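Each chain, letter by letter, is given below.
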Amino acid sequence: MDWGSIIGNAAGELISPTTAAYALAAIGLSVHFGYAGLLNFGQAGFMAVGAYAFAITTLELGWPVWLAILAAIVASVVFAFVLGVPTLRLRADYLAIVTIAAAEIVRFVVSTVNLTAITGGSQGLSGFARGFDALNPFGDARFGFGPWTYSGEQWWVRVFGWGLVLLATVIVFLLMRSPWGRVVKGIREDEDAVRSLGKNVYSYKMQALVLGGVFGSLAGVVFILPRAVQPGNYGTALTFFIWTALLLGGAATVFGPIVGAMIFWAVLSLTNGVIVGLRDAGVLPFISTTQAGQIRFILVGLALMLLVVFRPQGIFGNKKELSFNV
Amino acid sequence: MSAPGSARSAARPIGLLVGFLLALAALLSLAPIGALAAEAPAPTPSPTGDFTTTFTVGGVIRSGDEPLEGVEVLVEGDGFSEVGTTGPDGRWSVSLPGRGEYTATLQVETLPEGIAPRDPDNVTRQVNIGTTNTVNVLFPTGEGRVSTTTIWDTVFTRLVYGLNFGLLLALAAIGITLIFGTTGVNNFAHGEMLTFGAIFFYVFTTALGWNVALALIATLALSAAFGWGQDAGLFRPLRRKGVGLVQVLIVTIGLSIVVRYLFLFFFGGGTENVNIGLSSTVSLGPVTITLASLISMGVSVAMLLLVAFFLTRTRIGKATRAVSDNASLAAASGINVDRVIRIVWVMAATLTGLAGILYGLYRGVTWDMGFAILLLMFAAVTLGGLGSAFGALVGSLIIGILTELSTVWIPPDLRYAVALIVLILVLLLRPQGVLGRRERIG
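Small disclaimer: the values here were computed from a predicted structure and weren't measured.

Undergrad: Looking at this model, I keep getting lost on the overall build of chain B. Mind explaining?
TA: For chain B, the count of helices and strands is 11 helices and 14 strands. Here chain B, with 442 residues, has 52% of them falling under the buried criterion. Summarising the internal contacts of chain B: among those between residues at least 6 apart in sequence, 73% fall at separations of at least 24.

Undergrad: How should I be thinking about the packing of helix 3 (residues 43–61) of chain A against helix 5 (residues 92–111) of chain A in this particular structure?
TA: Angle between the axes and distance between the axes: these two values describe a pair of packed helices. Residue and element names in this part refer to chain A. At a minimum axis separation of 8 Å, helix 3 and helix 5 run at an interaxial angle of 35°. Viewed along their axes, helix 3 and helix 5 form a crossing whose handedness is left-handed. Packed against helix 3, whose contacting residues are A44, G45, A48, V49 and Y52, the element helix 5 presents T99, A102, A103, V106, R107 and V110 at the interface.

Undergrad: What am I meant to see in the nonpolar core here?
TA: A general tendency of soluble globular proteins is for nonpolar side chains to be buried together. Formed by 203 residues in total, the largest nonpolar core has its most connected members in L24 and A101 of chain A together with M377 and A379 of chain B. Of all the elements, helix 8 (residues 337–363) of chain B adds the most residues to this core, at 16 residues. Apart from residues no more than four positions distant in its own chain, L24 of chain A is found in contact with L164, V165, A168, F215, L218, A219 and V222 of chain A. Among the nonpolar cores identified, the runner-up in size contains 20 residues, and I61, Y102, A104 and I115 of chain B belong to it.

Undergrad: Sorry, what's going on with the environment of V98 of chain A here?
TA: Assignment of secondary structure puts V98 of chain A in helix 5. Look at V98 of chain A and you get buried, because 28 C-beta atoms sit within 10 Å. Sequence separation between V98 of chain A and N40 of chain A is 58 residues; the distance between their C-alpha atoms is 8.7 Å. Among all residues touching V98 of chain A, those that are not within four sequence positions of it are L83, P86 and T87 of chain A together with I424 and L427 of chain B.

Undergrad: Honestly, the pairing of strand 5 (residues 72–77) of chain B in this entry has me stumped. Any pointers?
TA: Within a regular strand, side chains alternate between the sheet's two faces. All names here are of chain B. Bridge count between strand 5 and strand 6 (residues 80–85): six bridges; the pairing is antiparallel. Across the sheet, residue L74 finds its bridge partner in strand 6, namely V83. Here four bridges tie strand 5 to strand 8 (residues 100–106), and the two strands are oriented antiparallel to one another. Looking at the pairing, L74 lines up with T105 of strand 8.

What counts, and at which threshold
- Residues numbered from 1 in each chain as written.
- Chains lettered and ligands numbered in written order.
- Predicted model: local features only at pLDDT ≥ 70, side-chain atom pairs only at ≥ 80, totals over all residues.
- Helix = DSSP H or I, 4+ residues; strand = E, 2+ residues; numbered from the N terminus.
- Buried ≥ 20, exposed ≤ 12 C-beta atoms within 10 Å, placed from the backbone.
- Contact = placed C-beta atoms within 7 Å.
- Axes fitted to C-alpha atoms, helices over the stretch in contact; angles between N-to-C directions.
- Left-handed = near helix turned anticlockwise from the far one by under 90°.
- Core = buried A, V, L, I, M, F, W, Y, C linked by C-beta atoms within 7 Å.
- Pairing = 2+ DSSP bridges.

So, to be careful, I would describe these as geometric facts and stop short of saying anything about function.
What follows is the structure in structure tokens.
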């Protein structure tokens, strides 16, 4: 087995744009679930809305990058309102079902044949990142060290993605120390108590849903920068992986989502490398390469179950800051 | 007003499209689950000619295993129009002038006597020659009768299909609602119980060639054991530990991922058809329906009546409703809540396994078939009122008929979206559902 390349790949995953997208989406989910206690199972929907809004405004309307990102944000705000209006007054698991349903509706709509002209149907869209690549300040040369040697273009995607992650982290950190954050956390602990203090619980929940949704939509933009938009990517599996990443790090923590996303991808890459390596070494001859890729999803599911039962607060979390008691 | 030229999902997802050559299998599947099944290896016929640099569209037309000769397929697009005719091996192919969008239309009148497309209102496929040079187009055909249909015939046919789908949805959804009612848990791994039944029935009947009755009993017994195992091995310990409901909900999500990918690991990503020799069709007025579907509807109705009898007339059924109503009060009145929950799990798993068998007969067996309709079950249960068994029945029938009926007017790949939009509207207007009670919604 080539341990060098296996570990190198895993190390590369630590700062890959996909990891940044997961971290950003997990920060959004952390605002929803960790701080406000909202069970959002439709984060993939927010990501799809952001990704498609960015790609369509770029390709169809020729908007510049900043305007397309703004479009993604606006689209996710609208989406959050559509989700929040019917459900935020109901019990938490209704929000769970509605968000997951809405995310699937988004996926069905963008992959329908009749909208192929706009959304690319089941094939998706590509070629929207040219404007973004043109802004690349790093030139074409490859630089970096060890496993982290990339071309300037690849660095630009990474710097942009992690820059957004950093920005989101700072925003969330400051917000949660503010009076607004205290109210939101109060809602998570006891909605009725906060209501009796004269706060408009519904409005605060909606604001939290919008904020986390905007992070999710930006995650969608970061997610597609190094690849094409494909509707198949935005299934419920994506949401559940982000949940796993979030719970791994700790839901109501500042760095939990980031570390969770990093560990999630590094471990996925490691296990895949090891399983494929063992297969190639003839230790697991009964497994095909496709099956080797499937084992890691089984492990993700197991990890999710074990985490939520035995360490629901995650690696960094504080058991008191948990919104599991709906 | 069904959109002409829009390809629609056939009764079996396998009947969709596969691209090949240059090791590029482009799935043009337009079925709702198509995107999920993207990596599914589909049975790929060998290339239709020596074209390696030109663009071709082609396929094989068979009835059962019998290749059909002399069937014409019209390929059009961008001012190009050519007819491909099948040879003795049932193959046809048309060379295209270049990349682009084309439509392939099966010329129904060229089919031999007594052969009809499986899906008469879906004989036009959109072909997109983009990344692949060659696209394969399948037109599932079988014995049947070609008839001109009016809009009312279509509506009526869809109604019957929807009734069938709604009934088997109800079998599965009653399990969800009973588990929710007695334990408060929304079971996201419920779809996997449906897949479980379908896969084991497929393995017993088609792969191992067992007798149908034996396979049925074995599958239901395994399903029951699966349900008992989930409760005894996972959910009862969690209840004992006092794990919160939301945590348990996430556990069911994890369980669903594990079980689903185990299915994928062992079963593979393809669609398999359960072959128990019930594919002959029956005509009821304008509706042509397979014998299997007819039997499926009968079985569903009988099982639902049995469940109704169980819940309203037997001691343990009444105890179930009592626990569902108020678990603490039921426990205080001497009902063994744990036992009721165990029975509910076993019953839910058996019913859902049966629904899986019937759904497998109806649509073929895939590794994620249960997960693909899980949200429809949730929609049905929410529509009827969470926790109410009869509500689940009503909700399932509405959702089943609505999804099928909606394909008359809107693109078929959006039919599940319709059901989910209905779900959101219901929560907006009447969150407790049709038969639910207000205090449940919190």
